[in-house]
Amino acid sequence: MTKPSLALCYDRRLYRDSFAPLDWERLAAVTDLVDREPLMSYLDARAAAILQRTMEIMRTVGIEKEITARSADQFDQDAAIMAVVSLAGEEIAYTAKAGTLILKDDEGNPKASIFYVAYTRDGVEDVSQRPITFSFNGGPGSSSVWLHLGLLGPRRVVSGDAGAPVPPPYRLVDNDLSLLDHTDLVFVDPVSTGFSRPAPGEEAKQFHGVQQDIESVGEFIRLYVTRYKRWSSPKFLIGESYGTTRAAGLAGYLQGRHGMYLNGLMLISAVLNFQTDSFTVGNELPYLLHLPTYTATAWYH
């Protein structure tokens, strides 16, 4: 049997976070989401089909119960598999790891569990020369599934071109556009998305402000590079949509709070000034700034 990728690490909670409109209080209040009818109303046919296939993969490798149970644990956890992907004619062996890191307060009490999926190239002798990239989507309120399974990961969901999605059933294929030949990849789910949750007894809203979000994701990055000895590696961030706002904030926060200097940021669908993306009466700036993108899109299609 072909080894599955760690697309197996998602359940309906992730798709709730990815497809639902932003509602922080609803995200914080709902805990047991499996098989809830209100949840499924947020999912279109494509999302439901991808979800079904993902759950089948999880059951095949027998870790559905294991991964689900870990999200509320007060200890760091992870599970890994090894795989190979072909990129630019080169066979790349890598380790795919799904895990959680626990954010704690100054007294060592758990505050939140942050879920991640990491892909690291095998056989690297000097990791100080191997870049590592932390990636997240936006929302705020979205997990990192889109960049993970749609663009950057070693495996991707076949979804068709923009405006012409393929019909179900959907499938996973090797992603020949993945960046894994150039950098290790860590996909991060901020608190209240994916499997990331506040610790028992902690309120989710303490992680839901602009600065609180930056601080919690920044603490995750610090913990990860410490745990896996990557302080000397070149470090990059890739953010999409609101994730670009988060990435910009993280660059300054990591430098000022932890003395961690990033080597670069990659901003996808950037929004650093929200006036540029608000089509409201009296604000003409978005019309001017979106025109080049509209023109390029029309030319391409």
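A quick note: this is a predicted structure, and the numbers were derived from the prediction, not measured. (Residues numbered from 1 in each chain as written. Predicted model: local features only at pLDDT ≥ 70, side-chain atom pairs only at ≥ 80, totals over all residues. Heavy atoms only, no water.)

1. Some words on the overall build of the chain
- Counting its regular elements, the chain contains 9 helices and 12 strands.
- Each of the 301 residues in the chain was classed as buried or not, and the buried ones make up 48%.
- Pairs at least 24 residues apart make up 69% of the contacts formed inside the chain by residues separated by at least 6 positions.
- Accessible area for the chain stands at about 15,000 Å²; split by element, carbon and sulfur atoms hold 54% of it. (Helix = DSSP H or I, 4+ residues; strand = E, 2+ residues; numbered from the N terminus. Buried < 20%, exposed > 50% of the residue type's maximum accessible area, 1.4 Å probe, protein only. Contact = heavy atoms within 4.5 Å. Areas by Shrake-Rupley, 256 points an atom, 1.4 Å probe, with all protein chains shown as cover.)

2. Observations regarding the nonpolar core
- The biggest cluster of nonpolar side chains holds 25 residues, and the ones touching the most others in it are Tyr-116, Phe-134, Val-186, Phe-220, Ile-221, Tyr-224 and Leu-250.
- Only strand E2 (90–104), strand E3 (110–121), strand E4 (132–136), strand E9 (184–188), helix H7 (210–227) and helix H8 (242–258) provide two or more residues apiece to this core.
- In terms of residues, this core owes the most to one element, H7, which gives 6 residues.
- Not counting chain neighbours up to four residues away, the residues in contact with Phe-220 comprise Leu-101, Leu-103, Ile-114, Tyr-116, Phe-134, Val-186 and Val-188. (Core = buried A, V, L, I, M, F, W, Y, C linked by side-chain atoms within 4.5 Å.)

3. Examining the side chain of Thr-133
- By the element assignment, Thr-133 lies in strand E4.
- At 2.9 Å, the side chain of Thr-133 and the side chain of Thr-183 are in polar contact.
- Those residues within four positions of Thr-133 in sequence are excluded, and the remaining contacts are Thr-183, Asp-184, Leu-185, Val-186, Phe-236, Leu-237, Ile-238 and Met-266. (Polar contact = N/O pair within 3.5 Å; in protein donor to acceptor, adjacent residues only side chain to side chain.)

4. Here's the deal with H7
- For H7, spanning 18 residues, the distance from its first C-alpha to its last is 26 Å, which sits close to the expected 26 Å at 1.5 Å a residue.
- Along H7, the residues classified as buried are Asp-213, Ile-214, Ser-216, Val-217, Gly-218, Glu-219, Phe-220, Ile-221, Tyr-224 and Val-225.
- Summarising the contacts, the buried residues of H7 are in contact with E2, E3, E4, E9, strand E11 (235–240) and H8.
- Looking one or two places after H7, you find Lys-229, whose phi comes out positive at around 55 degrees. (Expected span 1.5 Å × (residues − 1).)

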